[in-house]
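Secondary and tertiary structure notes
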Amino acid sequence: MNFAYLALIIWTVYGLLGLGATNSFLGEAEAQTKGEYQETFKYDRINEVEKECSFILSSASELKPDDNRVYSIKEELVFVNGDWRQVDGKAPIMPFDAREVRNDFSSDHTPLNLVSFWVMDVDRAHRSKKSVSVSGSMTIGITLDSTFEDYGYEGSPQFQIWPGHTQLTILFQGIYTESLKNGGERVMCLLGSTMLPDRESDPADPWQWVKATYNQPPLLQDDRILLVLRYPMTFTLTNRAIQGEMRSLNPKSNQKYFDEVRISSQLGKSANYEFTSQKIVSKACDPYPYKNDSFVNGGVSIYKGFGFCEILEEITRGEQAFTVLPNWKCIGKGDFCSKLGPFEVDREIKATNGSFKGVKLYMQYIKCEQTTARGNAYSARVSAVLRAVSPLENMYTAAKRSGLSNMSVAAEGFWKSTSGQLCMASCLGSVDAGGHGCNSRICLYIPISFSIKQRSIIYVTLSSINNTSPSYFPLSFEKLVQPAELWNYFKNSHPYYNYTKINSAGAILEKDTAFSFRTIIKKSLLTFPKLEDTEAFRVSLSLLSEDLTLHVSAVPDTIPNPQSLRTEIQLEILSVGPLFGRYWSPQNGSTSEEETPYHTKAEYTEKQLLLNVSAQLSISGKDYSNISVLFLEGLYDQHVGKMHLVGCRDVRASWEILYESMDLESGLDCLIEVVVSYPPTTSRWLVNPTASISIASQRNDDDPLHFSSLNLHTVPIMYRKQREDILSRRGIEGILRILTLSLAIACISSQLFHIKYNPDSVPFISLVMLGVQAIGYSLPLVTGAEALFKKKASESYESSYYLENNQWFHILDYTVKLLVLVSFLLTLRLCQKVWKSRIRLLTRSPLETHRVPTDKQVVFTTLTIHIIGFIIVLIVHNTRTNQKSIRTTRHRIARAESHLWDWETELEEYVGLVEDFFLLPQIIGNFIWQIDCKPLRKLYFIGITLVRLFPHIYDYIRAPVLNPYFAEDYEFVNPRWDFYSKFGDVAIPAMAILLAVLVYAQQRWNYEKLSETLTMGRLRLLPLGSKTYERLPSSSMVFEAELVSGVNGNTTLHDKEHDVEIE
């Protein structure tokens, strides 16, 4: 083996093992190049700026040398997603194209005018007594579903437009000044340059080119743009608005002229806020606490700990939306009951008629300062902005807006631990320094006690300060609790759950639990999710809560309407027994209480049969809108895996019919029965591992709140222990791959030794057979597919975080790749020896080429057989596919899968079948060549056959553990239709064994004997023997030498026969 060949093998090994050293080097070099790049800013328009901004400089005050505000310009004078509008509208600044927006997500949404501004550089070298030179970048545009949070500076201005979105980037340079006007303000005056879209001459339709195409929109370079931005010197409740004007310095007759643009925004997260509005706050919150609040009077415990600010910021982090509650307690009709608090609503909100369906409220720009504790009391000062969002606004975009309008209120107030109430005065839109317009009161609570009627993690009321003649009914909004978030909210407090419907749930349990042998069998033979005896009590409760949680797809048992076939189910377990939320044991040590298993606790030994549970069930889809969210509470029977629950749904949106239903509880319809059945954790091959959910109303048919019963069953689900089975199975399968590949290497090596001592039979080894094996070994190396042990479609492990980060699995994978590479190279070595042996025969008998074995007929015959077989497989598969239920078809349509996906899958599986039948070409060749020798060693073809059979045997005997990460694929791929199925795991090994028996018979008896044996009278199954492929006489010693010495066209046959190379 020469040096080049060795180098090639080493390079291949490194490449296949994926060391990626080259990529890492390039990545570091690229990062280094990016780090060295720095933006440069020019200040070549200083004289022009001073001329155009003279009216600003004339009223500017001197900048003090020791004033630190100059050093905070880049951080504090930034605003994102503010509002803008044009004053006149006769000369618009940009077009907007909404023609091609047709999807459900944004077709009904209202486009928003958003603007963002960033200070890019502060040039202190050009600082004067009254100003400092600055550079900035502005992105202004019209959008349906986007925001302008990234400045996107690329060194040049640009204009971009696509359906539903238009944006213009303008680069500015100018000056920063300070003024004593309006109680003190910070002012920037800047000149900008950009590429403006060109308007047509027709004022009625100035953007005609948008209707044609905008791949290359007509643009005009304009550097005559003046921008003036005014920021308050100090941000307060009544002085927090950022105002700006942008106008064109070109004459109105100029094509580049546009009408004046008015800009509004407010302080960002980096700006300093000063709590100086005590008079306005006292007007709303004196006396404290505000008493006229039914939430406090409802027996709900309120948070009064020292971490109020931390909890408030966690709950509102990420612009999470609050749900606006209907004014269901309001008596009367008209605007008073249907008005959305102090907000000036649009027609879309008015159309909800007081139900406020689809209306959301966001709490933004929270500033919370915890003050020093006095004794056991704590207090905090809080500032925030509350923004109401119309149903037609894009929720993501609306949550990022910063402009002050009549749909937003700014608030400031205080919180005290003595009552747990946050009381704030709120001002609608922009107000003056005197606080005229601050006529609302906000009361905010963070509950720590929960029940089936109280699921709010935060509860807020917005009411009028004028208690005698308010203009609107107090508005309430809330955010529902999520169990997974509780540990982050209450780190130092102890929230709890009050069970109030256990007796009603017990009645449902008695009605549903009838004596039957099926129940007895389930209790005696099957095991369902239960408390773990070996775990600490709270840990065991938390693990059970995890097993009972469902986030899966489901379909109804009966499908009256195919359009409402599939839905998404989210069953969140809120509490199990005394545990509320989830519990994670401390990392460093634990108390004896935490380490004590639950069954040793005397107070629980008599109550292990039934556990109190509470949950929340969410069902997606328009057909389930009347029961889209259910609050649940009841009992869980660990022996049969069933939860019997009382359900409550919020019907406060139907507040006009609440007077007809007098049996509501705090606006909730709690006459609902819910039964959830879980599959067993054991014997999964006997029981379909799906959960079922039944929901029924206890109301009469003529009740307006009655609804039809609903029965759903989920896709196959996975418990926590079964997820661990997947991890352990992957390790077992990795070891089995290593063992089977090692056996394959031993078999191939034995064949190499066999042909060394039996050189006469080497030309009769089929190259097609060896090629099939070589392709089988090369595919895992090239595509990354699994070697030997093929996974089902539902059993792909790559999405598991644990598998991707487990070093042991990486070692197994690399070992398998190395063994596959060795098998591939040894098979190529076999091919090389067979090829050289046939070339030798051609060289020794150039006039008798027809007597040298060739694979042309073998290739044609094998290919014909497999093409016919693949067509049959496709026909059978399509026939069975057409017999599937409608849910499979709709699922594939939803996934945009085509028939190409089907035949590709079948082809992939059929390739595996070809590998299993690797002996077929050899059998065909043996009949064509009419062999009278033993080309294949028994250890080789029997051993490789066993290697190909092991995956089928393993697949047949193993338990069908499902994969939670690809449960949907399992549901809609019937394993009985694939090659790796129970039928295939029996039929394919039987055929492979039959092929091995045929090879053994062909080598055990020569062609003449087989022909005589298979002759019955005059009927001859095999044709008469021919001497076409009769072996040429040769010396074994000489022939063995020829196998290794190679072919040299310039060497005589006599020289080759005497140039013996000892291997």
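Residues numbered from 1 in each chain as written. Predicted model: local features only at pLDDT ≥ 70, side-chain atom pairs only at ≥ 80, totals over all residues. Heavy atoms only, no water.

Topic: the overall build of the protein chain
Summing up its helical and strand segments, the protein chain has 30 helices and 31 strands in all. For the protein chain, the residues scored as buried account for 50% of the 1063 residues in total. Look at the contacts in the protein chain between residues 6 or more apart in sequence, and 74% of them connect residues 24 or more apart. (Helix = DSSP H or I, 4+ residues; strand = E, 2+ residues; numbered from the N terminus. Buried < 20%, exposed > 50% of the residue type's maximum accessible area, 1.4 Å probe, protein only. Contact = heavy atoms within 4.5 Å.)

Thoughts on the UniProt feature "transmembrane region" (unreviewed entry) in the protein chain
Per the UniProt record, the feature "transmembrane region" (unreviewed entry) sits at residues 734–755, 767–789, 809–831, 858–877 and 979–1001. Taken end to end, residues 734–755 is 100% helix and 0% strand, and its two terminal C-alpha atoms sit 32 Å from one another. For the annotated span residues 809–831, helix accounts for 100% and strand for 0% of the residues, and the straight-line distance between the end C-alpha atoms is 33 Å. (UniProt positions renumbered as here; feature names shortened; annotations may be inferred.)

Some words on helix α13 (residues 502–512)
Those residues of α13 not exposed but buried are A505, G506, I508 and L509. The buried residues of α13 occupy an angular sector of 160° when the element is viewed end-on, so they sit on one face. Residues N503, E510 and K511 are exposed on α13 and point more than 90 degrees away from its buried face. (Arc of directions from axis to C-beta.)

Observations regarding the side chain of S265
Tracing the sequence through the fold places S265 in strand β10 (residues 261–266). Judged by relative accessible area, which is 1%, S265 ranks as buried. Engagement of the side chain of S265 in a polar contact is seen with the side chain of S402, the distance being 2.8 Å. Here S265 is in contact with F79, G82, R240, A241, I242, S402, G403 and L404, once residues within four sequence places are set aside. (Polar contact = N/O pair within 3.5 Å; in protein donor to acceptor, adjacent residues only side chain to side chain.)

Digging into a nonpolar patch on the surface
Among the surface-exposed residues, L863, I867, I871 and I875 lie close enough to one another that they form a single nonpolar patch of about 380 Å² accessible area. By the secondary structure assignment, I875 is in helix α21 (residues 856–882). Residue I875 is classed as exposed on the basis of its relative accessible area of 51%. (Patch = residues over 30% accessible without salt bridge, like charges linked within 9 Å, V, L, I, M, F, W, Y side chains within 5 Å. Areas by Shrake-Rupley, 256 points an atom, 1.4 Å probe, with all protein chains shown as cover. Salt bridge = Lys/Arg side-chain N within 4 Å of Asp/Glu carboxyl O.)

Side note on unusual backbone geometry
Look at the link from D286 to P287: it is a cis peptide, with omega at 5°. Mapping P287 onto the fold places it in the loop between α7 (278–285) and α8 (308–315). Phi at N182 is positive, roughly 55°, even though this residue is not glycine. Positionally, N182 belongs in the loop between β6 (165–179) and β7 (185–197). Looking at N182, the relative accessible area reads 64%, which means it is exposed. For S666, which is not glycine, the phi torsion reads 55° and is therefore positive. Note on placement: S666 falls in the loop between β26 (642–650) and β27 (668–677). With a relative accessible area of 40%, S666 lands in the partly exposed category.

What about the layout of surface pockets?
Its boundaries defined by the atoms lining it, the second largest pocket holds a volume of some 1,300 Å³. Lining the second largest pocket are 41 residues, with T323, K357, S628, V629 and D650 positioned closest to its centre. Split into classes, the residues belonging to the lining of the second largest pocket amount to 19 nonpolar, 13 polar and nine charged. (1 Å grid on protein atoms, 1.4 Å probe; cavity = no way out; pocket = protein on both sides within 12 Å on 5 of 7 lines; lining within 4 Å. Points joined across faces, edges and corners; volume = space filled by probe spheres on them. Nonpolar A, V, L, I, M, F, W, Y, C, P; charged D, E, K, R; others polar.)

Some remarks on the packing of aromatic side chains
What the rule picks out here adds up to 12 aromatic pairs. Following the ring pairs from residue to residue traces out a cluster consisting of F450, Y497, Y499 and F580. (Phe/Tyr/Trp six-rings, centres within 6.5 Å; stacked < 30°, edge-to-face > 60°.)

A closer look at the pattern of salt bridges
For the structure on display, the rule yields 21 salt bridges. One salt bridge connects R699 with D703, and the closest N-O pair in it is separated by 3.2 Å. Put simply, R45, E48, E52 and R224 are held in one network by salt bridges that share partners.

What about the side chain of S449?
Of note, S449 is situated in strand β17 (residues 449–450). A relative accessible area of 4% places S449 in the buried class. A polar contact is formed between the side chain of S449 and the backbone nitrogen of S301, at a distance of 2.8 Å. Other than its neighbours up to four places away in sequence, S449 contacts G299, V300, S301, Q454, Y496 and N498.

A look at the nonpolar core
With 57 residues, the main nonpolar core has F117, I140, M188 and M246 as its most contacted residues. Ranked by the residues each element gives to this core, the list is headed by strand β4 (residues 132–143), at five residues. Once residues within four sequence positions are removed from consideration, M188 is found in contact with L77, F117, V119, V134, I175, Y176, L227, V228, L229 and Y231. (Core = buried A, V, L, I, M, F, W, Y, C linked by side-chain atoms within 4.5 Å.)

Some words on the state of the cysteines
The full count for this structure, using the stated rule, is six disulfides. With its sulfur 1.8 Å from that of its partner, C330 forms a disulfide with C337. Its S-S torsion of about -65° marks the bond between C330 and C337 as left-handed, since a negative value means left-handed. An identical accessibility class is assigned to C330 and C337; each is buried. (Disulfide = S-S within 2.5 Å.)

Topic: the environment of A399
Summarising the element assignment, A399 is placed in helix α11 (residues 395–400). Judged by its relative accessible area of 6%, A399 is buried. Sequence separation of A399 and Y362 is 37 residues, and the distance between their C-alpha atoms is 6.4 Å. Leaving out residues up to four positions away in the same chain, A399 has contacts with E319, Y362 and Q364.

Describing the sheet that holds strand β11 (residues 322–325)
Strand order in the closed barrel made by the eight strands is β11-β12-β13-β14-β15-β16-β18-β19, with antiparallel pairing throughout. Direction aside, the axes of adjacent strands within the sheet are offset by 30° on average. In the sheet, β11 pairs with strand β19 (residues 475–480) via three bridges, with the strands oriented antiparallel. Its bridge partner lying in β19, T323 is registered against E478. Packed on one face of the sheet, α7 meets β14 (408–416), β15 (422–428) and β16 (440–445) and runs near 115° to β15. (Pairing = 2+ DSSP bridges. Axes fitted to C-alpha atoms, helices over the stretch in contact; angles between N-to-C directions.)

Focus on the environment of P95
As for its placement among the helices and strands, P95 is situated in the loop between β2 (79–86) and β3 (112–123). Judged by its relative accessible area of 2%, P95 is buried. When residues no more than four places from it in sequence are discounted, the contact partners of P95 are I142, F159, I161, T166, P197, W207, W209 and V210.

So, the pairing of strand β13 (residues 379–389)
In terms of burial, β13 is a largely internal element, nine of the 11 residues being buried. Relative to β13, strand β12 (residues 360–370) runs antiparallel, the two sharing nine bridges. From the neighbouring strand, K360 faces β13, where its bridge partner is V389. Note that β13 and β14 share nine bridges and pair antiparallel. By the bridge assignment, R381 is partnered in β14 with F414.

Structural notes on the confidence of the model for the protein chain
For the protein chain, the mean per-residue pLDDT works out to 78, and 73% of the residues sit at or above 70. Scored below 50 in pLDDT, residues 959–980 makes 78 contacts in the model with residues more than four places away or belonging to other chains. (pLDDT = per-residue confidence, 0-100.)

Comments concerning the pairing of β15
Along β15, six of the seven residues are buried, which leaves the element largely enclosed by surrounding structure. Where β14 and β15 come together, seven bridges link them in antiparallel fashion. Residue pairing across strands places G413 opposite M424, the latter belonging to β15. The turn linking β14 back onto β15 is made up of five residues, and G420 within it adopts a positive phi angle of 80°. Inspection of the sheet shows β15 paired to β16 by five bridges, in the antiparallel sense. Residue pairing in the sheet places M424 in a bridge with I442 of β16.

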